[in-house]
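If you want the building blocks of each chain, they are given just below.
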Amino acid sequence: MSKPDRQNTKGSNQKRSFKQLGLLIRRRKITTFILLLGGTIAMTISSLNAVTVENDAPYLTSSQYNAAGKFTNQKMVDEFSFSRLFRIVKRSLFEKKQNTAPDKLIPLESISDTQLEQLPSDKTSIIRLGHSTILLKLDKQFWLIDPVFSERASPFSFMGPKRFHQPPISINDLPEIDGVIISHNHYDHLDEYSIKQLANKVKHFIMPLGNSAQVIDWGINPDKVTELDWWQSIQIEGTKITATPAQHFSGRGISDRNKTLWSSWVIKSESSNLFFSGDTGYFDGFKEIGNQYGPFDLTMLETGAYDKDWSEVHMSPTESAQAHKDLKGKKLLPIHNGTFDLAFHSWTDPFEQMVEIANRDWIDLLTPKMGQVVTLNNDDSVDAARDLFWWR
């Protein structure tokens, strides 16, 4: 083949490659757009099916409930304006995301009901099951926080954020649960499948104002359900549960925004004092909670799915560390990470940043594997949850 022929062939191949690349990019953008549009439609349908509160509900007198029929934060927060939503959609279409999900199976420690029953009955044991789902053994009681066992954090089974890993234990293998605590009604915290499966296994369901209608509609006995406003408490045998402020928002779709309350939680048993943040941005409320209910043996703080475009409603690792200090926490367990891709940062970034911050600020950081038991006041158990670097 002559040199001109080779050059023509090479040029033709390059043009074909560029054309194929352009077609691939367009297809990916179209696919992303379809997924975003489908997600919007799904959320709209879901919100139409969501259970709404009655006009004579007791929380109408709550200081968090306004004349427009919505719950509010302690300060005005721009959750998601139209311009911000447009910017997020644009970033989703064009911004390159890297390492937002593991490229291999992450390590898990499977647990059985027999192992759980053998946990000490005079101490507190904590087990991360994934994302913000926490199983607690508080002395002789079992508690479950924000149980999400579904494959996706989504109103539909075929689209939406998919799990990186399976739960370390199935709902069927869980022991009888004394109480379930719900922080708010977003899909990665209030999961219809899990609530329905837990209906006959749980004695009490505790949640912020306005959320009971939804779980009752899913078949939960109303006598089992307790709603709390911020600063309200309920005592269940030896455990006191207190709803405390958070800076976030609620809604399972477009039309039900902030129709239900969101909350952080203080969980005090005979052997320990714990704090669970739920989803929240950083705010002055942490200092108030720390002064009123601290110090805490363990803070379980949201450290994941943060971004510059929603910084008021989700904390960065630096803010999570500051919240831990405000709360007068002794040990810090980062949550809201390691299970779903919900942001633009890499899936390992929350862990890497927290390790660096903890080393710098002398924070006692716990990073257990999913399913790993951490028993407070047990040095061997606590030491085993430090500096694991399992995500690497």
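Refer to the preceding data block for the structure.
Right, let's walk through the structure included here. (Residues numbered from 1 in each chain as written. Predicted model: local features only at pLDDT ≥ 70, side-chain atom pairs only at ≥ 80, totals over all residues. Heavy atoms only, no water.)

**Describing the pattern of salt bridges**
For step 1, the next point in the chain: Across all of its chains, the model carries 16 salt bridges by this definition.
For step 2, the next point in the chain: One salt bridge in this structure joins Asp361 and Lys325, with 3.0 Å as the shortest N-O distance. On the criterion of sequence distance, the pair formed by Asp361 in helix α8 (residues 349–361) and Lys325 in helix α7 (residues 317–326) is long-range, its members being 36 residues apart.
For step 3, the next point in the chain: On the accessibility criterion, Asp361 (25% relative accessible area) is partly exposed.
For step 4, the next point in the chain: Here Glu352 makes a salt bridge to Arg392, at a shortest N to O gap of 2.8 Å. Pair noted here: Glu352 is in helix α8 and Arg392 is in the segment after α9 (379–383), with a separation of 40 residues, a long-range link.
For step 5, the next point in the chain: You can call Glu352 partly exposed: its relative accessible area is 27%.
For step 6, the next point in the chain: Judged by relative accessible area, Arg392 falls into the exposed class, the value being 57%. (Salt bridge = Lys/Arg side-chain N within 4 Å of Asp/Glu carboxyl O. Helix = DSSP H or I, 4+ residues; strand = E, 2+ residues; numbered from the N terminus. Buried < 20%, exposed > 50% of the residue type's maximum accessible area, 1.4 Å probe, protein only.)

**Re the sheet that holds strand β5 (residues 202–208)**
For step 1, the next point in the chain: Strands sit in the order β6-β5-β4-β3-β2-β1-β14 across an open sheet of seven strands; the sheet is mixed. The two strands at the open ends of the sheet, each matched to only one other strand, are β6 (225–228) and β14 (373–375). Strand-to-strand twist of the sheet, defined as the mean angle between neighbouring strand axes without regard to direction, takes the value 20 degrees.
For step 2, the next point in the chain: In this structure, strand β1 (residues 124–130) lies alongside β14, joined through three bridges in antiparallel fashion. Opposite Ile127, over in β14, you have Val373 as the bridge partner. (Pairing = 2+ DSSP bridges. Axes fitted to C-alpha atoms, helices over the stretch in contact; angles between N-to-C directions.)

**Here we look at the pairing of strand β10 (residues 273–276)**
For step 1, the next point in the chain: Of the two faces of β10, the one carrying Asn273 and Phe275 and the one carrying Leu274 and Phe276 are both buried.
For step 2, the next point in the chain: By the bridge criterion, three bridges tie β10 to strand β11 (residues 298–302) in an arrangement that is parallel. Its bridge partner lying in β11, Leu274 is registered against Leu298.

**A few points about the side chain of Thr124**
For step 1, the next point in the chain: Relative to the elements of secondary structure, Thr124 occurs in strand β1.
For step 2, the next point in the chain: By relative accessible area, Thr124 is classed as buried at 1%.
For step 3, the next point in the chain: For Thr124, the side chain forms a polar contact with the side chain of Ser271, separated by 2.9 Å.
For step 4, the next point in the chain: The contact partners of Thr124, leaving out residues within four places of it in the chain, are Lys137, Leu138, Ser269, Ser271, Ser272, Leu274, Val374, Thr375 and Leu376. (Polar contact = N/O pair within 3.5 Å; in protein donor to acceptor, adjacent residues only side chain to side chain. Contact = heavy atoms within 4.5 Å.)

**A closer look at the packing of α7 against α8**
For step 1, the next point in the chain: Between α7 and α8, whose axes approach to 9 Å, the crossing angle comes to 45 degrees. In terms of orientation, α7 lies oblique with respect to α8. Relative to α8, the crossing made by α7 is right-handed. In this structure, α7 contributes Pro317, Thr318, Ala321 and Lys325 to the contact, and α8 contributes Pro350, Gln353, Met354, Ile357 and Asp361.
For step 2, the next point in the chain: Considered class by class, the residues forming the contact of α7 with α8 number five nonpolar, two polar and two charged. (Parallel < 35°, antiparallel > 145°, perpendicular 65-115°, else oblique. Left-handed = near helix turned anticlockwise from the far one by under 90°. Nonpolar A, V, L, I, M, F, W, Y, C, P; charged D, E, K, R; others polar.)

**A short note on the sheet that holds strand β7 (residues 233–236)**
For step 1, the next point in the chain: Within the open sheet, the seven strands sit side by side as β7-β8-β9-β10-β11-β12-β13. Their pairing is mixed. In this open sheet, the two edge strands, each paired with only one partner strand, are β7 and β13 (364–365).
For step 2, the next point in the chain: Those strands touched by α7 are β11 and β12 (331–335), and its axis lies near 150 degrees from that of β11.

**Some thoughts on unusual backbone geometry**
Generally, phi is negative for residues other than glycine and the peptide bonds are trans, each holding for most cases.
For step 1, the next point in the chain: With omega at -5 degrees, the peptide bond leading from Gly294 into Pro295 counts as cis.
For step 2, the next point in the chain: Take Pro295: it is sitting in the loop between α6 (285–293) and β11.
For step 3, the next point in the chain: Look at Asn258: it is not a glycine, yet its phi comes out positive at around 60 degrees.
For step 4, the next point in the chain: Look at Trp362: it is not a glycine, yet its phi comes out positive at around 55 degrees.
For step 5, the next point in the chain: As for its position among the elements, Trp362 is in the loop between α8 and β13.
For step 6, the next point in the chain: Given a relative accessible area of 80%, Trp362 falls into the exposed group.

**Quick look at the side chain of His314**
For step 1, the next point in the chain: Checked against the element boundaries, His314 lands in the loop between β11 and α7.
For step 2, the next point in the chain: According to the relative accessible area criterion, His314 is buried, its value standing at 10%.
For step 3, the next point in the chain: A distance of 2.3 Å separates polar atoms of two side chains, one belonging to His314 and the other to Glu302.
For step 4, the next point in the chain: Look past the residues within four positions of His314 in its chain and what remains in contact with it is His248, Asp279, Thr280, Gly281, Glu302, Gly304, Ala305, Tyr306, Glu319 and His336.

**Topic: the environment of Val382**
For step 1, the next point in the chain: The topology assignment puts Val382 in helix α9.
For step 2, the next point in the chain: Separated by 17 residues in the primary sequence, Val382 and Leu365 place their C-alpha atoms 9.8 Å from one another.
For step 3, the next point in the chain: Setting aside residues up to four positions removed in sequence, Val382 forms contacts with Lys331, Leu366, Val374, Thr375 and Leu376.

Take it as geometry only, folks, not as evidence of what the structure does.
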